[in-house]
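Here are the chains, one letter per residue:
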Amino acid sequence: MTVQSIDGPARPVTVLGLGRMGTALAGALLAAGHPTTVWNRDPARVAAPVARGAVAADTVGDAILASPLVLVTVTDYRAVHEVLGASAASLTGRTVVNLATGTPEEVRAVAERVAAAGADYLDGAMMALPQTVATPEAFFLYSGSRHAFDAHRTTLDVLATSHFLDRDPAVAELWDLALLGSGYAVLAGFLHSLALLHTAQVPPTAFVPLVTRWLHGMLAFMPELAEEVEFRSYGAGVSPVALNRVAVGNLVRTSTLRGVDAEVHAPLRALLDRRTADGHGTDSFASLFELLKPVRSG
Ligand SMILES: NC(=O)c1ccc[n+]([C@@H]2O[C@H](COP(=O)([O-])OP(=O)(O)OC[C@H]3O[C@@H](n4cnc5c(N)ncnc54)[C@H](OP(=O)(O)O)[C@@H]3O)[C@@H](O)[C@H]2O)c1
């Protein structure tokens, strides 16, 4: 279906919640010339966007009525329910973009509540920091109403590069968690490395040039791992489980001997041990996926 864009460079937008992200989003919208209405539970926080040209609404309901597009940027889904619950009547005909971080299960209840109020619902995940909003580094994930996404895409693109994932509203949160999971694993490993090097008085900043170079190579390895998992083809991989088991074992042992907490890597060692014990030591590293996926899935 071709959707006629109802959006334009000066389309009004409402931002509910002016914490670090909400303030950054409102700032980006104002900078792009969008008439922007803001509301925050603590009214003191509206001062900054108002100084830049935003209109402060006294109530959530007034804020929602001010714009066809309503962005919700509060702490969590409990707060989302509190904010939207107080103003369900004003939602009719609007598009609600819920940018709070939550779980796929939490999304469904909000999506149903918004639909019941006669509004379109988009769930969003902000892969950005306040300072990267409206820069090329920022990208936001969306799922839910495709019609709403197409209609408001021009406005959403002001905030970050927009990616629509699926009509199921819960999908954006699942991808958000998947991206966070990969990111946290890398950063936790990095902090462990700093602790290990600390035992030899290596300053953390001295490690950065080589670790970023090394990780660049690791990232380039991801498409190969992904293909092996996708086709369940673990025979030709260049990095077998047994080899990695020795390397991770060395890492854990050396850490422990030096008094460094090896907790970050212990679960990986356990997976490599299990895979080897199951007789898959010659399979590639990617085959650990077989231990991680849900037991009943194919
Ligand atoms: N900061 C980041 O780097 C970042 C990056 C990506 C995604 N996110 C996500 O974006 C969302 C907002 O994050 P943030 O960093 O902007 O948070 P924040 O600075 O802590 O601000 C939280 C906002 O939520 C509001 N709020 C909390 N509970 C509320 C309630 N019960 N009713 C009404 N308003 C309530 C606060 O209002 P008051 O001012 O009245 O307390 C404030 O406006 C979170 O889900 C976060 O996970 C954050």
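Residue indices begin from 1 for each chain and proceed along its sequence in written order. In view of the model being predicted, local features appear only for residues whose pLDDT reaches at least 70, and side-chain atom pairs are presented and counted only at 80 or more, with totals across whole chains, interfaces and linings using the full set of residues. As a convention, hydrogens and water are excluded, and side-chain values are obtained from all of the structure's heavy atoms.

Enquirer: Report on the overall build of the chain, specifying residues and quantitative values.
Expert: A count of helical and extended segments in the chain gives 12 helices and 8 strands. With the principal axes as the frame, the chain shows a C-alpha extent of 60 × 45 × 30 Å. Here the chain, with 298 residues, has 42% of them falling under the buried criterion. Every residue pair with non-hydrogen atoms within 4.5 Å of one another is taken to be in contact. If you take every contact in the chain between residues at least 6 apart in sequence, the share linking residues at least 24 apart comes to 63%. Here the open area of atoms and residues is found with the Shrake-Rupley method and a 1.4 Å probe, where only the protein chains shown may cover a residue. Just so you have it, the chain exposes about 16,000 Å², and 61% of that area is on carbon and sulfur atoms. The helix and strand labels rest on DSSP assignments: H or I over at least four residues marks a helix, E over at least two residues marks a strand, and numbering proceeds from the N terminus. A 1.4 Å probe rolled over the protein chains alone gives each residue an accessible area, and that area as a share of the maximum for its type sets the label: buried under 20%, exposed over 50%, partly exposed in between.

Enquirer: An account of the pairing of strand β4 (residues 69–72) is needed here, citing residue identities and associated values.
Expert: Alternating positions in β4 separate into two faces, Leu-69 and Leu-71 on one and Val-70 and Val-72 on the other, with burial throughout. Of the pairings in the sheet, the one linking strand β1 (residues 13–16) to β4 comprises 4 bridges and is parallel in character. Paired with Val-13 across the two strands is Leu-69, which belongs to β4. For two strands to be treated as a pair, DSSP must find at least two bridges joining them. As paired elements, β4 and strand β5 (residues 95–98) share 4 bridges and run parallel to each other. Within β5, the residue paired with Leu-71 across the bridge is Val-97. Regarding the hand of the β-α-β motif, the stretch spanning β4, helix α4 (residues 77–85) and β5 is right-handed. By convention, orient the strands away from the viewer: a clockwise path from the first strand over the helix to the second makes the crossover right-handed.

Enquirer: So, the nonpolar core: which residues are in play, and what are the values?
Expert: Buried Ala, Val, Leu, Ile, Met, Phe, Trp, Tyr and Cys residues form a nonpolar core when they are joined through side-chain atoms within 4.5 Å. Leu-71 and Tyr-142 are the most contacted members of the largest nonpolar core, which totals 29 residues. Elements with a minimum of two residues in this core: β1, α1 (20–31), β4, β6 (120–127), β7 (139–144) and α6 (146–159). When residues of this core are assigned to their parent elements, the largest contribution, 7 residues, is made by α1. Counting 25 residues, the second largest nonpolar core, distinct from the first, contains Ala-57, Tyr-77, Leu-91 and Ala-111.

Enquirer: Can you break down the site of the ligand residue by residue, with the values?
Expert: Around the ligand, the surrounding shell holds 21 residues, and the nearest of these are Met-21, Asn-40, Arg-45, Thr-75 and Thr-101. Polar contacts here mean pairs of N or O atoms no more than 3.5 Å apart (in protein, one a potential hydrogen donor and the other a potential acceptor; neighbouring residues in sequence count only if both atoms are side-chain atoms). Val-74 is positioned with one of its backbone polar atoms (N or O) 3.4 Å from an oxygen atom of the ligand. About the coverage of the ligand: the protein hides 80% of its 890 Å² of free accessible area. Listing elements by their share of the shell around the ligand, those giving two or more residues are α1 and α4. The leading source of residues in the shell around the ligand is α4, at 3 residues. Whether a residue is near a molecule or strand depends on its heavy atoms: if one lies within 4 Å, it is near.

Enquirer: I'd love a proper account of the sheet that holds β5, names of residues and values included.
Expert: Sheet architecture is open: 8 strands sit in the order β3-β2-β1-β4-β5-β6-β7-β8, paired in mixed fashion. With partners counted over all chains shown, the strands left at the sheet margins are β3 (55–56) and β8 (161–166), one partner each. Sheet strands in contact with helix α5 (residues 104–116) are β5 and β6, and its direction is about 145° off that of β6. Axis definition: a line fitted to C-alpha atoms, limited for helices to the stretch in contact. Angles are taken between N-to-C directions and run from 0 to 180 degrees.

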